[in-house]
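# Chain and residue survey
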Amino acid sequence: MPIPEDLKVPHTAIEDVQGLSIGLLTASVGLTFLTHLGFLTGQTAGLALIISYLSGWSFGIVFTLVNLPFYAFAWKRLGAEFTLKSVFCVIALSLLVDWMPSAMAFSYLDPLLGTAIFGVLTGFGLLGVFRHKGSLGGLGVIALMIQDRTGFRAGYVQLIVDAMLFAVAYVLFDGRVVLYSLFGAVILNGVIAFNHRRDRYIAD
């Protein structure tokens, strides 16, 4: 059931900056765990990682370029505020993920624990960004639009797209890499599916 308009509490600009900053920092730390292990994820980040691993190009540059075609779609369908926040979030995440390895190193990281931490932290980061009217990629834009129009959860939409992406990855990478990566993606999408609920979160 939709939240009545008179019960919605808009975020202030300072709250948006705070919420987006925490979401981006959390997501970038999660992605640093994942990239250190050489694993993958879904959505546009997963596509960017595949291209980055195969080409040797910077994840940040590839991630930014991969998302460019979605901005016009987002502007038309979801408005200027959502699009501009998404552009900012994608660029900020790209810079953070490229910078993080110089500030955080691992002598050993268990792959099962690392992928679980990635799923939880990046899932929480995405929730924070979503709740302040932003996104971290083009497929997230489409998933949110489908949820708003049909009620079908954004996390489930992303899980379906991820399944197709991992099928391609299975052909290109070692099966162990794909299985660990799939485990992390399931956790991430589960966090979003269980917690991104418009009927429970009334801020706007």
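Residues numbered from 1 in each chain as written. Predicted model: local features only at pLDDT ≥ 70, side-chain atom pairs only at ≥ 80, totals over all residues. Heavy atoms only, no water.

### Regarding the pattern of salt bridges
Any two side chains of opposite charge can pair if their charged atoms end up close together. Inclusion rule: One speaks of a salt bridge when a side-chain nitrogen belonging to Lys or Arg is within 4 Å of a carboxyl oxygen belonging to Asp or Glu. Under the DSSP-based scheme used, a helix requires at least four consecutive residues in state H or I and a strand at least two consecutive residues in state E, with every element numbered from the N terminus. Any residue under 20% of the maximum accessible area for its type is buried, any over 50% is exposed, and the rest in between are partly exposed; the area is computed with a 1.4 Å probe on protein chains only.
For the coordinates displayed, the defined rule picks out two salt bridges. Ionic pairing is found between Asp16 and Lys85, a salt bridge with its closest N-O pair at 3.0 Å. Here Asp16, found in helix α1 (residues 13-37), pairs with Lys85, found in helix α4 (residues 80-103); they are 69 residues apart in sequence, far enough to count as distant. As far as burial versus exposure is concerned, Asp16 and Lys85 are alike and both buried. We note a salt bridge from Glu81 to Lys85, for which the minimum N-O separation is 2.8 Å. Taken together, the residues Glu81 and Lys85, both in helix α4 and four residues apart, mark about one turn of the helix. Classification of Glu81 as partly exposed rests on a relative accessible area of 41%. Connected via shared salt-bridge partners are Asp16, Glu81 and Lys85.

### Regarding the confidence of the model for the chain
Under the convention used in this document: For every residue, the predictor assigns a confidence score, pLDDT, that lies between 0 and 100.
Averaged over all residues, the pLDDT of the chain is 85; the fraction at 70 or higher stands at 90%. The secondary structure element of the chain with the lowest average pLDDT is helix α6 (residues 138-150), at 75, and the one with the highest is helix α5 (residues 111-130), at 94.

### Remarks on the packing of α5 against helix α8 (residues 175-195)
The criterion, for reference: Axis definition: a line fitted to C-alpha atoms, over the contacting stretch in the case of helices. Angles run 0 to 180 degrees between N-to-C directions. What makes a crossing left-handed is the near helix being turned counterclockwise from the far one by less than a right angle; a clockwise turn instead makes it right-handed.
Two elements in contact, α5 and α8, have axes separated by 8 Å at closest approach and are oriented at 35°. Pair α5 / α8 crosses with right-handed handedness.

### Considerations on the environment of Thr44
Quick reminder of the rule: Two residues form a contact once any of their heavy atoms are found within 4.5 Å. By the criterion applied in these results, polar contacts are pairs of N or O atoms within 3.5 Å in which, for protein atoms, one can donate a hydrogen and the other can accept it, and in which residues neighboring in sequence qualify only through two side-chain atoms.
Here Thr44 lies in helix α2 (residues 43-55). Judged by its relative accessible area of 4%, Thr44 falls in the buried class. Between the C-alpha atoms of Thr44 and Phe63, which are 19 residues apart in sequence, the distance is 7.1 Å. Not counting the four nearest positions on each side in its chain, Thr44 is found in contact with Phe63, Val66, Asn67, Phe70, Leu136, Gly137, Gly138 and Leu139. For Thr44, the side chain forms a polar contact with the side chain of Asn67, separated by 3.3 Å.

### Remarks on the nonpolar core
Threshold: What is meant by a nonpolar core is a set of buried Ala, Val, Leu, Ile, Met, Phe, Trp, Tyr and Cys residues, joined one to another through side-chain atoms within 4.5 Å.
Of all hydrophobic cores here, the largest spans 40 residues; its most connected members are Leu40, Phe59, Phe63, Leu93 and Leu136. Mapped onto this core, the elements with two or more residues apiece are α1, α2, α3 (59-78), α4, α5, α7 (154-172) and α8. Looking at this core element by element, the count peaks at eight residues for α1. Look past the residues within four positions of Leu93 in its chain and what remains in contact with it is Leu24, Ala27, Ser28, Leu31, Phe63 and Leu136.

### Digging into a nonpolar patch on the surface
Worth spelling out the cut-off: Exposure above 30% relative accessible area and no salt bridge define the residues that can form patches, which grow by joining like charges within 9 Å and nonpolar side chains of Val, Leu, Ile, Met, Phe, Trp and Tyr within 5 Å. Under the convention used here, a 1.4 Å probe and the Shrake-Rupley method define accessible areas, while residue burial counts only the protein chains that appear.
Together, Leu54, Val168, Val171 and Leu172 make up an exposed nonpolar region whose accessible area comes to about 400 Å². In terms of residue count, α7 provides more of the nonpolar patch than any other element does, three residues in total. Turning to its location among the elements, Val171 is positioned in helix α7.

### Description of the packing of aromatic side chains
Inclusion rule: Classification of ring pairs rests on two measures: the distance between centres of Phe, Tyr or Trp rings, Trp counted by its six-membered ring, which must be within 6.5 Å, and the angle between planes, read as stacked under 30 degrees, edge-to-face over 60 and tilted in between.
Under the counting rule described, the total for this entry stands at five aromatic pairs. Between Phe33 and Phe106 the ring centres are 4.9 Å apart and the planes differ by 65°, which places this aromatic pair in the edge-to-face class. Note that Phe33 is positioned in helix α1 and Phe106 in the loop between α4 and α5, a separation of 73 residues in sequence. Exposure remark for Phe106: the relative accessible area of 22% places this residue in the partly exposed category. For the ring pair Tyr53 and Phe173, a centre distance of 6.4 Å and an interplane angle of 80° mean the geometry is edge-to-face. Within this pair, whereas Tyr53 is found in helix α2, its partner Phe173 is found in the loop between α7 and α8, the two being separated by 120 residues in sequence. Its relative accessible area of 18% is what places Phe173 among the buried residues.

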